Amino acid sequence: MAKLNLKINGEVKEVDVDPSTPVLWVLRDHLNLVGTKYGCGIAQCGACTVHLDGTATRSCMLTVSMVGNSEITTIEGLSENGDHPVQKAWLDVDVPQCGYCQAGQIMTAAALLDKNPNPSDEEIEMAMNGNICRCGTYLRIKKAVKIASENS
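Keep in mind that this is a model prediction, so the values were computed, not measured.

One finds Val86, Trp90, Ile141 and Val145 to be the most contacted residues of the largest nonpolar core, which totals 22 residues. The set of elements that each furnish at least two residues to this core consists of helix H3 (75-78), helix H4 (85-93), helix H5 (102-115), helix H6 (121-128) and helix H7 (138-151). Considering each element in turn, this core owes the most residues, seven residues, to H5. Setting aside residues up to four positions removed in sequence, tryptophan 90 forms contacts with Val95, Pro96, Gln102, Gln105, Ile106, Ala109, Ile141, Ala144 and Val145. By size, the runner-up hydrophobic cluster in this structure holds 14 residues, among which are Ile8, Val15, Leu33 and Val50.

Once that is clear, we can look at the pattern of salt bridges. Counting across every chain of the model gives three salt bridges. Close ionic contact of glutamate 11 with lysine 13 constitutes a salt bridge, the shortest N to O distance being 3.1 Å. Judged by relative accessible area, lysine 13 falls into the partly exposed class, the value being 30%. Here aspartate 121 ties to lysine 146 by a salt bridge, and the two come within 3.9 Å at their closest N and O atoms. In this pair, aspartate 121 sits in helix H6 while lysine 146 sits in helix H7, placing the two residues 25 residues apart along the sequence. Note on lysine 146: relative accessible area 24%, which makes it partly exposed.

Note: interface size is frequently given as the accessible area lost on complex formation between the parts. Under the domain assignment, the protein chain is made up of domain 1 (2-75) and domain 2 (85-151). Using C-alpha coordinates to define each centre, domain 1 is positioned 21 Å away from domain 2. Contacts between the two partners involve 17 residues from domain 1 and, on the opposite side, 13 residues from domain 2. It is Cys45, His51 and Ile75 in domain 1 that bury the most area against domain 2; as a group they hold 37% of the surface buried on that side.

Once that is clear, we can look at the packing of H5 against H7. Working note: a packed helix pair is described by the angle between its axes plus the distance between those axes. H7 packs onto H5 with a crossing angle of 40° between their chain directions and a minimal axis gap of 11 Å. Taken together, the axes of H5 and H7 are oblique relative to one another. In this structure, H5 crosses over H7, and the sense of that crossing is right-handed. For the pair formed by H5 and H7, the contact residues are Gln105, Ala109, Leu112 and Leu113 on the first element and Ile141, Val145, Ala148 and Ser149 on the second. Split by residue class, the contact of H5 with H7 holds six nonpolar, two polar and no charged.

Here the largest pocket defines a volume of roughly 180 Å³. What lines the largest pocket is simply Gly39, Cys40, Cys45, Ala47, Cys98, Tyr100, Cys101, Ile132, Cys133 and Arg134. Broken down by class, the residue content of the lining of the largest pocket amounts to eight nonpolar, one polar and one charged. Domain assignment of the residues forming the lining of the largest pocket places at least three in each of domain 1 (2-75) and domain 2 (85-151).

Cut-offs applied
Residues numbered from 1 in each chain as written. Predicted model: local features only at pLDDT ≥ 70, side-chain atom pairs only at ≥ 80, totals over all residues. Heavy atoms only, no water. Core = buried A, V, L, I, M, F, W, Y, C linked by side-chain atoms within 4.5 Å. Buried < 20%, exposed > 50% of the residue type's maximum accessible area, 1.4 Å probe, protein only. Helix = DSSP H or I, 4+ residues; strand = E, 2+ residues; numbered from the N terminus. Contact = heavy atoms within 4.5 Å. Salt bridge = Lys/Arg side-chain N within 4 Å of Asp/Glu carboxyl O. Domains from an automatic or database assignment. Buried area = accessible area lost by both parts, 1.4 Å probe. Axes fitted to C-alpha atoms, helices over the stretch in contact; angles between N-to-C directions. Parallel < 35°, antiparallel > 145°, perpendicular 65-115°, else oblique. Left-handed = near helix turned anticlockwise from the far one by under 90°. Nonpolar A, V, L, I, M, F, W, Y, C, P; charged D, E, K, R; others polar. 1 Å grid on protein atoms, 1.4 Å probe; cavity = no way out; pocket = protein on both sides within 12 Å on 5 of 7 lines; lining within 4 Å. Points joined across faces, edges and corners; volume = space filled by probe spheres on them.

Shown next, in the form of structure tokens:
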């Protein structure tokens, strides 16, 4: 076990965990930030996506020892009141069905728009590729990302 200070959602949190523990489990089991979901455990589905210094990153394969001084942002830290343009567009388009993948989808879309505020349809599809939605709401996801890009 090791005591580590992690910058999460703008605050420093001390955790006492094995350095090889995935960030996903530190968030969920040690810090009670349960918006980030476990999906596949091999970084293939996107449900566990967080931002690491603004870059969409799969937290299930990212160990706490790899984080260093980087800033982690979870879905809980994306906006204080759920009013990030992507979150608002998600509601406007009524994207979620079951909702399980949505935190990862939103975090991926937000990272895309931070880097590319006006993406083409092809750029949206490329950025969102790898975020699996079992309900198949991909067309609504793409529409919501477009709306968020127009409202950012």
